[in-house]
Amino acid sequence: MTNPFRDMNPLSMMKRIPWRKILSSIGFLLLLLVTLIVLAGTWFSFQGRREWAETKAELQRRGEVLSYEGLVPAPVPPEQNFFADPIWEPDANGRVDLLALQIGPAEAAHLKAGFPSVADLVKEGDRVKVVQAVGRRAKDRTMTPEEAAFVLAVLEPVQGDLDTLERLAKRPEARFPVDYSKGLAMPLHHVTALLKLGQVLLRRAQAEAAVGRTEQSVDDILLILRLARTVDDEPVLISFLVALSLDSLALDVIEKQVPSWNAEQAQRVGRALGQSDILKQAARAFRGERAFGNQLVDQLKQASHGEVGKTLQMMVGVSDVENRPTGLALIFVDVYRFAFLDGDRAYFNKTHQRWLDSLEKEPGRVHPHDFENIGTELEREKQEMNRYRHVLTLVMMPALTSAFSRAASVETRVRQARIACAIQRYALSERALPSALDQLVPRYLEGIPTDVISGRPMHYRSDGKEYVLWSVGWNEKDDRGEGSPSERRPEKKLDWVWKGRLPEVWRAL
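How each quantity is defined
- Residues numbered from 1 in each chain as written.
- Predicted model: local features only at pLDDT ≥ 70, side-chain atom pairs only at ≥ 80, totals over all residues.
- Heavy atoms only, no water.
- Buried < 20%, exposed > 50% of the residue type's maximum accessible area, 1.4 Å probe, protein only.
- Helix = DSSP H or I, 4+ residues; strand = E, 2+ residues; numbered from the N terminus.
- Arc of directions from axis to C-beta.
- Contact = heavy atoms within 4.5 Å.
- Pairing = 2+ DSSP bridges.
- Axes fitted to C-alpha atoms, helices over the stretch in contact; angles between N-to-C directions.
- Phe/Tyr/Trp six-rings, centres within 6.5 Å; stacked < 30°, edge-to-face > 60°.
- 1 Å grid on protein atoms, 1.4 Å probe; cavity = no way out; pocket = protein on both sides within 12 Å on 5 of 7 lines; lining within 4 Å.
- Points joined across faces, edges and corners; volume = space filled by probe spheres on them.
- Polar contact = N/O pair within 3.5 Å; in protein donor to acceptor, adjacent residues only side chain to side chain.
- Core = buried A, V, L, I, M, F, W, Y, C linked by side-chain atoms within 4.5 Å.
- Parallel < 35°, antiparallel > 145°, perpendicular 65-115°, else oblique.
- Nonpolar A, V, L, I, M, F, W, Y, C, P; charged D, E, K, R; others polar.

(A) Just helix α6 (residues 159-168), in detail. All of the buried residues in α6 are Leu162, Thr164, Leu165 and Leu168. For α6, the buried positions fall inside an angular range of 155° around the axis, keeping them on one side. Where α6 is buried, its residues touch α7 (189-210) and α8 (214-229).

Structure representation (structure tokens):
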């Protein structure tokens, strides 16, 4: 009798399966899938190259410069160059280390004995950190006479560096030898040094004002503003942001101290503020950032597999072995480079041009809604499939979007500071605050600076003893001088407010 279960033996069944055909079919499907992927990638690559060629031609037709060539400022004679001095030469570690003289044990002991109320702030080592600690303690008030004298004593040993800085500041030009060809590795040793110098000068200006050395305090404020202007010609976003920070340091102390100035001091500071054009500088910086992006694309296209990994690490700001991209990540990067990089470059350049068009469509004005709309589109892009095609744009752009509101806010404060200097001169002469800003023209100002956002005259209100200047701010709405003082981000504030008062010589009358 035949066993009915014989044919159900698993081994027998396995032998009957047509493995060769199945494997052939799987191989064919895999080959078909790879072929389709290659064809799709080739098509995207072709489309991207065509889109970039069209975008490049259109922007060049409009006179736009898409590489650092044509943006890099021309060299100047050394005798005219602020940076042509040994103090700006990088050390063995690649740093420009001004004010490097450390506080030693003997000096620390002497300072503690001489200034007992701030003895807890005295530390051996970096004197800049000690000065900053005093500034943080006196953040919302004027320094006490002892705090001010302490700051001046801490800075006395580095007076030689500061004297050299004042001498160089008299030169009319500034060109640091930046190597723009290095892209992500571009050395910008000077910008960190400039920011540190600005912070030190801020504290010294506050200390000098606290001990009645008003003229020296004004000189330090002017020097901070000069430091900001030394990088105006650099088509680099980081340099521009450092200039904004330096301007902000000066403006913070100007707002507090202008009521104590005489007419000549107010006029000097107002004249220095008039040399600034932050919106023009912003346009130069963003064109430089676009040139940097195009340079980065060229580097990615030419880089070897290993070099791509290093470039990605530099882009995200890491360098250790543990954070190196994995092999699978590099494969995806290679697919992106082949299929999407040129299309992404076209998108990157077009987005930059939309920003620049908005920034420059009306001189002296910024239109927040334009930038907000572009930012919203970029955020939407992150949630859609196109995010895989526009990786470079979506990685680089978020670092740029907040810079526009920052630039508009600082430009507003520059304009308000110019008005405040004119009000001070008017009030010293008339023994009263102006009832309207028109009274400042033409003796104290050729014309009243307008609101950066609205394009209309700056708002002004006075009760006879104090006054408020305000811009409608990033929300483009007049909130009647409500300034959200606790909010640090300009785009989150209501109005952008400057507060002033009668000159100190007339307040008691």
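(B) Focus on the sheet that holds strand β1 (residues 459-462). Taking strand neighbours across the sheet as the criterion, the three strands line up as β1-β2-β3 in an open arrangement whose pairing is antiparallel. Since the sheet does not close on itself, it has two edges, and those belong to β1 and β3 (496-501), each with one partner. In this sheet, neighbouring strand axes are inclined to one another by 15° on average, regardless of whether the strands run parallel or antiparallel. Where β1 meets strand β2 (residues 466-471), four bridges bridge the pair, whose relative direction is antiparallel. Paired with arginine 461 across the bridge in β2 is valine 468.

(C) Spatial organisation of the packing of aromatic side chains. Per the counting criterion, the structure on display carries twelve aromatic pairs. Summarising the aromatic geometry, the rings of phenylalanine 371 and phenylalanine 404 are spaced 4.3 Å apart at their centres and angled 20° between planes, so their arrangement reads as stacked. With phenylalanine 371 in helix α15 (residues 368-382) and phenylalanine 404 in helix α17 (residues 398-430), this pair connects stretches of sequence that are 33 residues apart. Judged on exposure class, the residue phenylalanine 371 and its partner phenylalanine 404 are both buried. An angle of 25° between the planes, with centres 6.3 Å apart, marks the rings of phenylalanine 371 and tryptophan 474 as stacked. Within this pair, whereas phenylalanine 371 is found in helix α15, its partner tryptophan 474 is found in the loop between β2 and β3, the two being separated by 103 residues in sequence.

(D) Representation of the layout of surface pockets within the structure. Size it by volume and the largest pocket reaches roughly 1900 Å³. For the lining of the largest pocket, the elements supplying multiple residues, two or more each, are α4 (127-137), α7, α9 (237-257), α17 and β3. At eight residues, the largest contribution of residues to the lining of the largest pocket is made by α9.

(E) Spatial organisation of the side chain of arginine 365. For arginine 365, the position within the fold is in the loop between α14 (341-360) and α15. Among the polar contacts made by the side chain of arginine 365, one reaches the main-chain carbonyl oxygen of serine 454 at a distance of 3.4 Å. Excluding its chain neighbours within four sequence positions, the residues that come into contact with arginine 365 are Leu279, Leu359, Asp451, Val452, Ile453, Ser454 and Gly455.

(F) How the structure looks around the nonpolar core. Counting 135 residues, the largest nonpolar core has Phe82 and Trp88 as the members making the most contacts within it. A per-element tally of this core places α17 first, with 15 residues. Not counting residues up to four positions away in its chain, the partners in contact with tryptophan 88 are Phe82, Phe83, Val96, Leu98, Leu165, Leu168, Phe176, His190, Ala193, Leu194 and Leu197.

(G) Examining the packing of α8 against helix α10 (residues 263-273) more closely. Packing of α8 against α10 brings their axes to within 10 Å, and their N-to-C directions diverge by 5°. Taken as axis vectors, α8 and α10 run roughly parallel relative to one another. Each of Thr214, Glu215, Val218, Asp219, Leu222 and Leu225 in α8 lies in contact with α10, whose residues at this interface are Glu264, Gln265, Arg268, Val269, Ala272 and Leu273. Here the residues of the contact of α8 with α10 are counted per class, giving six nonpolar, two polar and four charged.

(H) Expanded view of the side chain of glutamine 265. When you line up the elements, glutamine 265 lands in helix α10. Only 2.7 Å separates the side chain of glutamine 265 from the side chain of glutamate 215, close enough to count as a polar contact. The residues contacting glutamine 265, other than those within four sequence positions of it, are Thr214, Glu215 and Val218.

(I) Inspection of the environment of arginine 213 at higher detail. Structurally, the position occupied by arginine 213 is in the loop between α7 and α8. Residues in contact with arginine 213, not counting those within four places in the same chain, are Leu152 and Glu208.

(J) Examining the environment of serine 462 more closely. For serine 462, the position within the fold is in strand β1. Looking at serine 462, the relative accessible area reads 31%, which means it is partly exposed. Taking the C-alpha atoms as reference points, serine 462 and lysine 499, 37 residues apart in sequence, are found 9.9 Å from one another. Non-local contacts of serine 462, meaning those with residues more than four positions away in its chain, are made with Leu433, Pro434 and Tyr467. Polar side-chain contacts of serine 462 include one of 3.3 Å to the backbone oxygen of glutamate 466.

(K) Structural context of the pairing of β2. Most of β2 is tucked away, with five of its six residues classed as buried. Hairpin remark: β1 followed by β2, antiparallel, with three residues in the connecting loop; positive phi at glycine 464, about 100°. Direction of pairing for β2 relative to β3: antiparallel, over a ladder of six bridges. The residue of β3 that forms the bridge with valine 468 is lysine 499.

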